Amino acid sequence: MGLFTRKDPCAICGGKVKGLLSWKIDGQYVCDDCYGTVDLPNNATNYMTIEDFRGYIAFRDENKQLKEQFQITQEVDFGWFDTKFMFDTTNRLLCMDKNLSKTIFEGKHIASFVIKEDSSPLFEGSASGLRRYISSVPDRVMALAPQINQIVMQEQMQRDTERLLDRLDDGKLNNSTGTYTRNINIPKPFQQFYVELRFNHPYWDIFTADMDAPSFNTNTPDVNDYLHDYNQSSMIMEQLAEALMEIAFPGAPEQVVNPVGSAAVSSEESASAAAVDTVTEIQRFKALMDQGIITEEEFTAKKRQLLGI
Ligand SMILES: [Zn+2]
């Protein structure tokens with residue numbers, strides 16, 4: 001016998017367990033091949049017996065068959081840690097991996113989902129339908145405009161003054177003030193988009209992902225630039241919500257919700273409130289088009305969708 005103690009064979013396949021660091025389930029060694037493609041929530045294997053794990057391996061092998069029929073019809077790039085949502089809207093399948101090497105979920109496994117901006121919901125999907133919430137972000141950003149313009153103007157004056165002083169001083173102050181640029185830090189109106197999927201699934205209860213909210217440019221912060229970036233990210237969230245609905249709850253109704261105090265109104269009032277919301281929404285997108293933030297095509301698509309035509 002050498003320095004190394006011989007390891008027991010793999011508890012699943014009986015194969016050789018190699019390496020100094022080995023996988024263990026329920027106190028027993030499992031080889032790399034058997035453990036290799038495990039895709040389970042964090043630490044789930046810590047609580048499994050070897051029989052549980054055997055059951056999971058059978059599930060995983062069966063799940064791999066879905067990969068063969070998976071036809072990627074849509075891809076939503078979430079940007080964070082390369083998180084991608086791959087959709088097969090024909091066969092109603094979803095995989096959170098661009099190579100389809102993780103668990104493939106069937107539409108029926110999705111119980112509900114929510115997409116938020118910090119703690120404010122943007123989309124909520126379930127068998128009862130899709131609720132689209134009107135974001136307060138564009139209004140809050142527009143409200144910042146006068147303040148931002150003032151800060152940018154002051155900064156510009158400051159830079160001009162420094163340039164002038166620099167010139168008068170024949171460049172002597174170069175080292176201390178000659179850069180002319182300090183960062184202008186306008187706080188973000190919100191920190192992140194957050195996605196949460198709830199499952200009816202033997203191994204998965206929940207999946208979460210987040211994506212950083214856009215930031216203001218630190219050199220020349222501008223409301224329209226910000227709204228442009230926001231709109232791009234916001235459209236990714238919309239694509240995600242729509243694709244999730246398509247695979248999980250096809251044909252379910254849609255509802256536009258104004259988040260502030262709309263829950264308490266009667267059905268008649270809420271119908272007219274929804275109509276007003278639709279008009280307000282269309283006006284808002286029209287304004288975005290007029291400002292060149294979205295194209296006419298995007299506006300028309302949005303308008304049709306809001307009017308349900
Ligand atoms: Zn094995």
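Report on the accompanying structure. (Residues numbered from 1 in each chain as written. Predicted model: local features only at pLDDT ≥ 70, side-chain atom pairs only at ≥ 80, totals over all residues. Heavy atoms only, no water.)

Our focus in this paragraph is the pairing of strand β11 (residues 206-212). What you see with β11 is a clean split: Phe207, Ala209 and Met211 sit on the buried side and Ile206, Thr208, Asp210 and Asp212 on the side with no burial. Pairing of strand β10 (residues 192-199) with β11, which is carried by seven bridges, proceeds in the antiparallel orientation. Across the sheet, residue Glu196 finds its bridge partner in β11, namely Thr208. Counting the residues in the hairpin turn of β10 and β11 gives six residues. (Buried < 20%, exposed > 50% of the residue type's maximum accessible area, 1.4 Å probe, protein only. Helix = DSSP H or I, 4+ residues; strand = E, 2+ residues; numbered from the N terminus. Pairing = 2+ DSSP bridges.)

Summed over the entire model, instances satisfying the criterion amount to 14 aromatic pairs. Centroid distance Trp23 to Tyr35: 4.1 Å. Interplanar angle 10°. Geometry classified as stacked. A residue pair is termed long-range when its members are at least 10 positions apart, and Trp23 in strand β1 (residues 23-25) and Tyr35 in helix α1 (residues 32-35) qualify at twelve residues. Considering the side-chain rings of Phe105 and Phe199, the 4.3 Å spacing of their centres and the 15° angle between planes classify their relative orientation as stacked. Residue Phe105 is found in strand β6 (residues 104-106), and its partner Phe199 is found in strand β10; the two are separated by 94 residues along the sequence. Here the aromatic residues Trp23, Tyr35, Phe53, Tyr56, Phe59 and Tyr203 are joined through ring pairs into a cluster of three or more. (Phe/Tyr/Trp six-rings, centres within 6.5 Å; stacked < 30°, edge-to-face > 60°.)

A few words now on unusual backbone geometry. One non-glycine residue with positive phi stands out, namely Asp26, at about 55°. Position of Asp26 relative to the elements: it lies in the loop between β1 and β2 (28-30). Look at Arg92: it is not a glycine, yet its phi comes out positive at around 55°. For Arg92, a relative accessible area of 33% gives the class partly exposed.

Glancing now at the coordination of the zinc ion. Protein-derived coordination of the zinc ion comes from Cys10 (SG), Cys13 (SG), Cys31 (SG) and Cys34 (SG), at a distance range of 2.3 to 2.4 Å. For the zinc ion, the four donor atoms in the first shell make angles of 104 to 113° at the metal, so the coordination geometry reads as tetrahedral. All donor residues of the zinc ion come from one chain, and their arrangement in sequence is C-x2-C-x17-C-x2-C. (Donors = N, O, S within 2.8 Å, 3.2 Å for Na, K, Ca; no water. Tetrahedral: all angles 85-135°; square planar, octahedral: opposite > 155°, others 65-115°.)

Counted according to the given criterion, the structure contains 13 salt bridges. For Arg132, the salt bridge identified is with Glu238, shortest N-O distance 3.0 Å. Remark: Glu238 occurs in helix α5 (residues 223-248) and Arg132 occurs in strand β9 (residues 129-133); sequence separation between them is 106 residues. Here the two residues Arg132 and Glu238 agree in accessibility, since each one is buried. Salt bridges sharing partners connect three or more residues here, namely Arg132, Glu238, Glu242 and Glu254. (Salt bridge = Lys/Arg side-chain N within 4 Å of Asp/Glu carboxyl O.)

As for its position among the elements, Ile236 is in helix α5. For Ile236, a relative accessible area of 23% puts it in the partly exposed group. Beyond its immediate stretch of four places on either side in the chain, Ile236 contacts Val76, Asp77 and Met211. (Contact = heavy atoms within 4.5 Å.)

What follows is about the nonpolar core. Counting 51 residues, the largest nonpolar core has Phe85, Phe87, Leu94, Phe113, Leu197 and Leu240 as its most contacted members. Looking at which element gives the most residues to this core, the answer is α5, with twelve residues. In terms of domain composition, this core takes at least three residues from each of domain 2 (75-252) and domain 3 (261-309). In contact with Phe85, not counting residues within four places along its chain, are Gln74, Glu75, Val76, Phe78, Leu94, Cys95, Met96, Phe207 and Leu240. By size, the runner-up hydrophobic cluster in this structure holds 16 residues, among which are Tyr35, Leu40, Ile50 and Phe53. (Core = buried A, V, L, I, M, F, W, Y, C linked by side-chain atoms within 4.5 Å. Domains from an automatic or database assignment.)

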